[in-house]
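# Remarks on the overall topology
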Amino acid sequence: MTSPGPEPTSIVLEAQHLGRIVDSRALVDDISVQVFRREILAVVGPSGSGKSSFLRLLNRLDEPTSGTVLLESVDYRQIPPRELRRRVGMVTQRPFLFPGSVASNLRFGPLQRGETLSDEAVDLLLTQVGLPGYGERDVANLSGGEAQRISLARTLANQPVVLLLDEPTSALDENAKRGIESLIGEIIAGGNLSCIMVTHDISQAARSASRVMLLEGGRATRIGQTQQVLHV
Amino acid sequence: MLKTWFSNQLVLGLVQATAAAACALMVVLLARKRQIHLETDVMVALMRGLTQIVAVGSVLVLLLHAPSWTSVFALTAMIFAAGSISARRAKNLPGSYGVSTWSIACGAGLVIAVMTWLGVIDVAITSLIPVGSMLIANAMNTNGLALNRFRADVLAHAGEIEAALSLGANPNESVSPYVQASLEASLIPAIDSLRSLGIVWIPGLMAGMLLSGARPVYAAIYQFVVLAMIFAASGLTSLLSTLLIRAHAFSSAEQLALRPGIAKPKAAAA
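The structure contained in this document is the topic of the report that follows. (Residues numbered from 1 in each chain as written. Chains lettered and ligands numbered in written order. Predicted model: local features only at pLDDT ≥ 70, side-chain atom pairs only at ≥ 80, totals over all residues. Heavy atoms only, no water.)

### Some words on the pairing of strand 9 (residues 211-216) of chain A
Residue and element names in this part refer to chain A. Using the following cut-off: A 1.4 Å probe rolled over the protein chains alone gives each residue an accessible area, and that area as a share of the maximum for its type sets the label: buried under 20%, exposed over 50%, partly exposed in between. Here a helix means four or more residues in a row that DSSP labels H or I, a strand means two or more in a row labelled E, and each is numbered from the N terminus. Here, any two strands with at least 2 DSSP bridges between them count as paired.
Burial runs high along strand 9: 5 of the 6 residues are buried. In the sheet, strand 3 (residues 40-44) pairs with strand 9 via 4 bridges, with the strands oriented parallel. Bridged to Leu41 within strand 9 is Arg211. When strand 9 meets strand 10 (residues 219-225), the two strands line up antiparallel, connected through 6 bridges. When the sheet's bridge partners are listed, Leu215 is paired in strand 10 with Ala220. Where strand 9 folds back onto strand 10 in an antiparallel hairpin, the turn is made up of 2 residues, including Gly217, whose phi is positive at roughly 55°.

### So, the interface of chain B and chain A
Counted only if it meets this: Any pair of residues with heavy atoms lying within 4.5 Å of one another is described as a contacting pair. Throughout, buried area stands for the accessible area (probe radius 1.4 Å) lost by two parts on being put together, summed over both. The rule for a salt bridge is simple: a side-chain nitrogen of Lys or Arg has to be within 4 Å of a carboxyl oxygen of Asp or Glu. For the purposes of these results, a polar contact is taken to be a pair of N or O atoms within 3.5 Å, where, inside protein, one atom must be able to donate a hydrogen and its partner to accept one; residues adjacent in sequence count only when each atom of the pair is a side-chain atom. Any residue outside Ala, Val, Leu, Ile, Met, Phe, Trp, Tyr, Cys, Pro, Asp, Glu, Lys and Arg is labelled polar, Gly included; the first ten of those are nonpolar and the last four are charged.
Contact residues are listed per partner, giving 24 residues for chain B and 25 residues for chain A. In this assembly, chain B packs against chain A so that about 2,300 Å² is buried in total across both faces, 53% of it on carbon and sulfur atoms. The interface formed by chain B and chain A includes 2 salt bridges. Here B:Glu162 makes a salt bridge to A:Arg56, at a shortest N to O gap of 2.6 Å. Summed over the shared surface of chain B and chain A, the result is 8 residue pairs in polar contact (both at pLDDT 80 or more). Looking at the side of chain B that touches chain A, the elements that each hand over two or more residues are helix 7 (158-166) and helix 8 (171-195) of chain B. Considering every element that reaches the side of chain B that touches chain A, the biggest residue donor is helix 7 of chain B, with 7 residues. Classifying every residue of the side of chain B that touches chain A by side-chain character gives 12 nonpolar, 5 polar and 7 charged.

### Here's the deal with helix 4 (residues 119-128) of chain A
Residues and elements named next belong to chain A. So the rule is basically this: Here, the arc refers to the directions that run from the helix axis to the C-beta atoms.
Residues Val122, Leu125 and Leu126 constitute the buried set of helix 4. Here the buried residues of helix 4 occupy an arc of 100° about the axis, which is enough to place them on one side. Turned more than 90 degrees from where helix 4 packs its buried face, Glu120 and Leu124 sit exposed. At its buried positions, helix 4 is contacted by helix 3 (102-112) and helix 5 (144-156). Looking one or two residues beyond helix 4, the residue adopting positive phi is Gly130, at roughly 80°.

### Details of the pairing of strand 7 (residues 162-166) of chain A
Along any regular strand, the residues point their side chains to alternate faces of the sheet. All names here are of chain A. The line we're drawing: Clockwise travel from the first strand over the helix to the second, with the strands pointing away from the viewer, marks a crossover as right-handed.
Strand 7 sits mainly inside the fold: 5 of its 5 residues count as buried. Burial along strand 7 is two-sided: the residues Val162, Leu164 and Asp166 and Leu163 and Leu165 are all buried. Of the strand pairs in this sheet, strand 6 (residues 88-91) and strand 7 are connected by 4 bridges, and their pairing is parallel. For Val88, the partnering residue across the bridge sits in strand 7 and is Val162. As defined by bridge partners, strand 7 adjoins strand 8 (residues 194-199) across 5 bridges and the pair is classed as parallel. Looking across to strand 8, one finds that Asp166 is bridged to Val198. One crossover worth recording links strand 7 to the parallel strand 8 by way of helix 6 (residues 174-190), and it is right-handed.

### Re the sheet that holds strand 3 of chain A
Residues and elements named next belong to chain A. The following threshold applies: Angles shown run from 0 to 180 degrees and are taken between the N-to-C directions of axes, each axis being a line fitted to C-alpha atoms and, for helices, limited to the stretch in contact.
Read from one edge of the open sheet, 6 strands run 6-7-8-3-9-10, paired in mixed fashion. Of all the strands in the sheet, just strand 6 and strand 10 have a single pairing partner and so form its edges. Sheet twist, expressed as the average angle between the axes of neighbouring strands with direction ignored, equals 20°. Here helix 1 (residues 51-58) sits on the sheet and contacts strand 3, strand 6, strand 7, strand 8 and strand 9; the angle it forms with strand 8, its principal contact strand, is near 150°.

### Quick look at the layout of surface pockets
Applicable threshold: Whether a set of points on the 1 Å grid over the protein atoms alone is a cavity depends on a 1.4 Å probe fitting there but being unable to get out, while an open set qualifies as a pocket with protein on both sides within 12 Å along at least five of seven lines; lining residues are those with an atom within 4 Å of a point. Grid points are joined across faces, edges and corners, and a volume is the space filled by probe spheres set on the points.
Considered as a void within the structure, the largest pocket measures approximately 1,200 Å³ in volume. Around the largest pocket sit 29 residues that line it, and B:Arg48, B:Gly49, B:Gln52, B:Ile85 and B:Met140 are the ones nearest its centre. Of all elements in the fold, only helix 3 (39-63), helix 4 (70-87) and helix 6 (125-156) of chain B reach the threshold of two or more residues within the lining of the largest pocket. Broken down by element, the lining of the largest pocket gets its largest block of residues, 12 residues, from helix 3 of chain B. Split by residue class, the lining of the largest pocket holds 18 nonpolar, 7 polar and 4 charged. When its volume is computed, the second largest pocket comes out at roughly 690 Å³. Looking at the second largest pocket, it is lined by 33 residues, and the ones nearest its centre are A:Ser52, A:Arg56, A:Asp166, B:Glu162 and B:Arg259. For the lining of the second largest pocket, the elements supplying multiple residues, two or more each, are strand 1 (7-22), helix 1, strand 6 and helix 5 of chain A together with helix 7 of chain B. Broken down by element, the residue count for the lining of the second largest pocket peaks at 6 residues, all from helix 7 of chain B.

### Some words on the packing of aromatic side chains
Heads up, the condition is: Note on aromatic pairs: the rings of Phe, Tyr and Trp (six-membered ring only in Trp) are paired at centre separations within 6.5 Å, and the planes decide the class, stacked below 30 degrees, edge-to-face beyond 60, tilted for the rest. Our definition puts a charge over a ring when NZ of Lys or CZ of Arg is within 6 Å of the ring centre and also within 35 degrees of the ring normal.
Following the criterion strictly, the structure yields 3 aromatic pairs over all chains and no others. A centroid spacing of 6.1 Å and a plane angle of 80° characterise the contact between B:Trp69 and B:Phe73, whose relative ring orientation is edge-to-face. Comparing B:Trp69 with B:Phe73, the two get one shared label, exposed. Between the NZ or CZ atom of A:Arg60 and the centre of the ring of A:Tyr76, over which it lies, the distance is 5.8 Å.

### A look at the nonpolar core
All names here are of chain A. Rule in force here: By nonpolar core is meant a set of buried Ala, Val, Leu, Ile, Met, Phe, Trp, Tyr and Cys residues that side-chain atoms within 4.5 Å join together.
Judged by nonpolar contacts, the single largest core of 48 residues is most densely connected at Leu13, Phe54, Leu58, Leu71, Val162 and Ile196. When sequence neighbours within four positions are dropped, the list of residues in contact with Leu58 reads Leu13, Ala15, Leu18, Val69, Tyr76, Val88, Leu164 and Ile196. Among the nonpolar cores identified, the runner-up in size contains 41 residues, and Ile40, Val129, Ile184 and Val212 belong to it.

### Examining a nonpolar patch on the surface
All names here are of chain B. Here is the rule we go by: The residues that make up patches have over 30% relative accessible area and no salt bridge, and they are joined within 9 Å when like-charged or within 5 Å when they are Val, Leu, Ile, Met, Phe, Trp or Tyr. All accessibility values rest on the Shrake-Rupley procedure with a 1.4 Å probe; residue burial counts only the protein chains present in the view.
A contiguous nonpolar surface patch, about 610 Å² in accessible area, is contributed by Leu110, Val114, Trp117, Leu118, Leu236 and Leu239. For the nonpolar patch, the elements supplying multiple residues, two or more each, are helix 5 (96-118) and helix 10 (216-248). It is helix 5 that provides the largest number of residues to the nonpolar patch, a total of 4 residues. Position of Leu236 among the secondary structure elements: in helix 10.

Take it as geometry only, folks, not as evidence of what the structure does.
Next up, the structure:
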């Protein structure tokens, strides 16, 4: 399930001295890291170590107070926010699906750019996340695991180049969690995507990621191969 | 009963005000028993309300003898005050004072101007100021309700809004359900006032007209006119304020500025 080895020459996203200070407290403190194409980078650390704050800076949901991010070698402040967020998709801990059908949720992202996702494209995405035939279901009737899969499919509908996952399985039971993990592994292995996954679960990071960044007090204390950082 | 004890009108008024305030304070005590603390808010509001209305009453005595155009200044001052008061309902929503003042000025101001031009509101200062103040006050309340509801909804649905932003949504699109809900909720009192007119309540203006000798049917029709104007002024104000406030919920980089527990960063990057 571990993601295939990264292509070291192909840096998709690069955080350069990224920081965010709020009320004199450094939530993210001078983090520099590169993310390569087709890799899963796990961001691990204790609660309050700045994992989610770091992730929110990468698609500019929050503004850094220092440093910047390069997306495919372009400073992300040069990219219109909506375009940036399409290319750097995010799946949150809670799925936050919009009221209505599964298909309408999947069509939401493309519709923002004036594109209508065809029924075939919807079916393909649903098959990709293991929920074929779910298009017309009401999101109110989905289980937690199914809702998270739809949330993932909704993000994939935007064809991102980087996938940010913020503890996507922390609210799920063990079965659903393993299902989402293997799904993410398959999507990264089968596509051209890179993934940054925030998790507090060390064993999940060991199972899923090729590299790990360890955060403590907003600082990256270690970055390297999973085995080296986690000693697994 | 009080009238038999107090013959001096000023003293009677003060005693009546004390009795009415005592009723309000009873509510405060009942709320306190349920751990709802309204003491400071209500005490300040009562004291402030009494002081202001007595002051305005005194000024009105002077204004009654002033030329009609002076009412423009009085109504403008009311609009600024209304903007400030209703902006407080939006708490830390950035830009709420400007949005409130502009919305009330355009909403209530436009209705007052057009209705005065048409002759629906008499240009005499004794008519223009009381009716104008009713429109401004109701626009203020509606605006306060709209901003308060918008703020609460955005805070409660920050996750959904950021999910939409993360999918590349336009900020306006991401908050549109909450803009609509705020507008609808803010207009409930104005709509219910129109619906219940004459059945549940006979407003003070009509009672005043009857007391001053106006024909009952005309007094009734004019009361409807006033309530319809109130609805128009409130609706326009709320429409404008909910449209204008959307932009203030986001930063220039389309980040949600209003999130639960969020504090402003030390220094915004360029």
